[in-house]
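In case you want the letters, here they are:
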Amino acid sequence: MGSIVPKITKRIVDAFQPDGTAERFLWDSELKGFGVRMMPSGVGSYIVKYRTAENRQRKMTIGRIGTMTTEEARQLAREHLTSASKGGDPSSERKQLRKNATLSEVCVDYMAEAKTRLKPNSYLSNESNINVHILPLLGNRSVASITRADVTRMQTDIMSGKTAKNRKGRGGRTTGGSSAAHRATVMLGSILEHARVNGAITENVAFGVRKPKTKKQKRYLNDEEIKKLSKAIRDSNTESPAAKAAIRFLLLSGCRRMEVLSLPVKWIDRDNGCIRFDDTKTGAQIRPIGKSAFVVLDDVKPKHGWAFPSEHGEGHFVGLPKVLQRLCKAAKLEGVTIHVLRHTFASVAAGMGYSELTIAGLLGHSVPGVTARYAHVADSALVSAADAVSAKIAGMMGE
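These notes cover the structure that comes with them. (Residues numbered from 1 in each chain as written. Predicted model: local features only at pLDDT ≥ 70, side-chain atom pairs only at ≥ 80, totals over all residues. Heavy atoms only, no water.)

What about the overall build of the protein?
Applied cut-off: In this description a helix means any DSSP run of H or I spanning at least four residues, a strand means any run of E spanning at least two, and both kinds are numbered starting from the N terminus. Remark: exposure states derive from per-residue accessible area (1.4 Å probe, protein chains only) relative to the maximum for the residue type, with buried under 20%, exposed over 50%, and partly exposed in between. Whether two residues are in contact is decided by their heavy atoms: any pair within 4.5 Å suffices. Each accessible area is a Shrake-Rupley result for a 1.4 Å probe, and residues are judged covered by the shown protein chains and nothing else.
When you go through the protein residue by residue, the secondary structure sums to 15 helices and ten strands. Per-residue burial for the protein yields a buried fraction of 45% across its 399 residues. Contacts in the protein between residues far apart in sequence, at least 24 positions, make up 59% of those at least 6 positions apart. If you sum the accessible surface of the protein, you get close to 21,200 Å²; carbon and sulfur atoms cover 51% of it.

Next up, the structure:
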């Protein structure tokens, strides 16, 4: 069932919308059997429908909309239909290939699908996790041959630093440890689940494997350390003004690194004491920001729409961890990461007597009863708290 169109084109696919209750189909009258399926969730796929030599009807997904062009999907559909007309069964043949696939091949398929649903930073993080830790240890193995013992051995190897290496460009050295092993195990579980759903395996052996415990962030800057870091920022004549301002803004707002670096000027609402994020780790959100944090923005000239622009090109600033590392070295501070700045903001707020729910709201955590209050308008109580905490930290910084 479904609608028939003269020819499925990009324009028609872009206009094809879900109805929220049931699957919808479009079928191509020019290439019979080629179609598009739209799920109620809004996930669309190119599909092909054919009959086998035994006259059994099959439907096979060619690929997700967004991962290939309409013409690429049409060409693949034509190849599958040609194979079926000669007695082949493309769906069964693909399932058999999947059963023999290596983990490396499954990862390629998984990441192609993930690209349609993940945010760019999450996609790059997953890609790095796969390439650095998972593939070197298990990539050449048949996905069907991987056992729970293999998953446990992978964890041990990562924790011992077997996959640690130097990287060119930004990021420096990739290390192992319990956190890296934990993330890799979670990532492998998602990949194997993708393989299971697509018929390559019958059991996800990563599920149920005990993961290494990760260390919770305990490091934060005390009053004296905040003063030292602030002085190092003021004394530095070599670092980018955008980078120095971004570090100050992170400390004064409690925001996440990429929430600040990739901040468009148009999201900033000083009048209402907030940033109107279109997208964050927990979705669209209005984040209360203190006045002292907003003052920092006056030290940076926006460019190409970014609040913290790159010195070269049209993008936002990148490479902040290395800048912070150099400034901390000048300030004689150890163990300070970008996340320590966020943790410091939370620690100062806790020291001022604010509740965990209020602090969660200030940090943008997804907490029932807190995010609901400020999902559409800036909560006045949270704005007031943001003002007070940022002013307290600004005083420590000597600003």
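Focus on the packing of aromatic side chains
For any pair of aromatic rings, the description consists of the separation of the ring centres together with the inter-plane angle of the planes. So the rule is basically this: Two rings from Phe, Tyr or Trp (for Trp, the six-membered ring) form a pair when their centres sit within 6.5 Å of each other. Planes less than 30 degrees apart are called stacked, planes more than 60 degrees apart edge-to-face, and all others tilted. Each ring is checked for a lysine NZ or an arginine CZ that lies within 6 Å of its centre and within 35 degrees of its normal; such an atom marks a charge sitting over the ring.
Per the stated rule, a full pass over the model turns up four aromatic pairs. Where F34 meets Y46, the ring centres are 6.2 Å apart and the plane angle is 20°; that geometry is what we call stacked. Here F34, found in strand 3 (residues 34-38), pairs with Y46, found in strand 4 (residues 44-51); they are twelve residues apart in sequence, far enough to count as distant. Y46 carries the same exposure label as F34, and that label is buried. One residue, K49, lies across the ring of W27, its end atom 4.2 Å from the ring centre.

Focus on helix 8 (residues 223-235)
Selection criterion: The length a helix should cover is 1.5 Å for every residue beyond the first. Directions are taken from the helix axis to each C-beta atom, and the arc is the one they span. Contacts described as polar in this section are N or O atom pairs within 3.5 Å, which, within protein, must combine one atom able to donate a hydrogen with one able to accept it, while residues neighboring in sequence count only if both atoms come from side chains.
Counted at 1.5 Å a residue, the expected span for helix 8 with its 13 residues is 18 Å, and the 18 Å between its end C-alpha atoms agrees. Those residues of helix 8 that sit buried are E225, I226, L229, S230, A232 and I233. All buried residues of helix 8 lie within an arc of 160° about the axis, which places them on one face of the element. Buried residues along helix 8 sit against helix 9 (241-253), helix 12 (320-330), helix 13 (338-351) and helix 15 (380-397). Regarding helix 8, its N-cap is N222, as a side-chain oxygen of that residue lies 3.2 Å from the backbone nitrogen of E224 further along.

With respect to the sheet that holds strand 8 (residues 268-269)
Spelled out, the test is: Pairing between two strands is assigned when DSSP locates at least 2 bridges connecting them.
Read from one edge to the other, the open sheet built from three strands follows the order 8-9-10, with strand pairing classed as antiparallel. Across the chains shown, the open sheet's two edge strands, defined by having one partner strand only, are strand 8 and strand 10 (285-288). In the sheet, strand 9 (residues 274-277) pairs with strand 10 via four bridges, with the strands oriented antiparallel. Paired with I275 across the two strands is R287, which belongs to strand 10.

Focus on the environment of D150
Positionally, D150 belongs in helix 6 (residues 148-159). For D150, a relative accessible area of 7% translates into the label buried. Aside from chain neighbours lying at most four places away, what touches D150 is L138, R141 and S145.

Observations concerning the pairing of strand 9
Remark: a regular strand shows side chains that alternate across the two faces of the sheet. Bridge count between strand 8 and strand 9: two bridges; the pairing is antiparallel. Pairing of I268 across the sheet is with I275, part of strand 9. Linking two consecutive strands that pair antiparallel, namely strand 8 and strand 9, is a turn of four residues; a positive phi of about 65° is found at G273 within it.

Considering the environment of A391
Residue position: A391 is located in helix 15. Given a relative accessible area of 40%, A391 falls into the partly exposed group. Considered as a pair, A391 and A293 are 98 residues apart in the sequence and their alpha carbons are 8.3 Å apart.

Describing the packing of helix 13 against helix 14 (residues 356-363)
This is how the line gets drawn: Angles run from 0 to 180 degrees between N-to-C directions of axes, and those axes are lines fitted to C-alpha atoms, restricted for helices to the stretch in contact. Throughout, a crossing is termed right-handed when the near helix is turned clockwise from the far one, and left-handed when it is turned anticlockwise from it by less than a right angle. Note on residue classes: Ala, Val, Leu, Ile, Met, Phe, Trp, Tyr, Cys and Pro are nonpolar, Asp, Glu, Lys and Arg are charged, and everything else, Gly too, is polar.
Two elements in contact, helix 13 and helix 14, have axes separated by 10 Å at closest approach and are oriented at 145°. Helix-helix and strand crossings are classified by hand; for helix 13 and helix 14 the assignment is right-handed. Each of R342, F345, A346, A349 and A350 in helix 13 lies in contact with helix 14, whose residues at this interface are I359, L362 and L363. Across the contact of helix 13 with helix 14, the residue classes break down as seven nonpolar, no polar and one charged.

Notes on the side chain of D387
Counting through the fold element by element, D387 comes out in helix 15. The contact partners of D387, leaving out residues within four places of it in the chain, are I289, G290 and K291.

Brief notes about helix 6
Between its first and last C-alpha, helix 6 extends 17 Å over twelve residues, near the 16 Å set by a 1.5 Å rise per residue. Listed as buried for helix 6 are D150, V151, M154, Q155, D157 and I158. Angularly, the buried residues of helix 6 cover 165° about the axis, an arc narrow enough to put them on a single face. Contact partners of the buried residues in helix 6: helix 5 (120-138) and helix 7 (178-197). G161, located one to two residues past helix 6, shows a positive phi value of around 90°.

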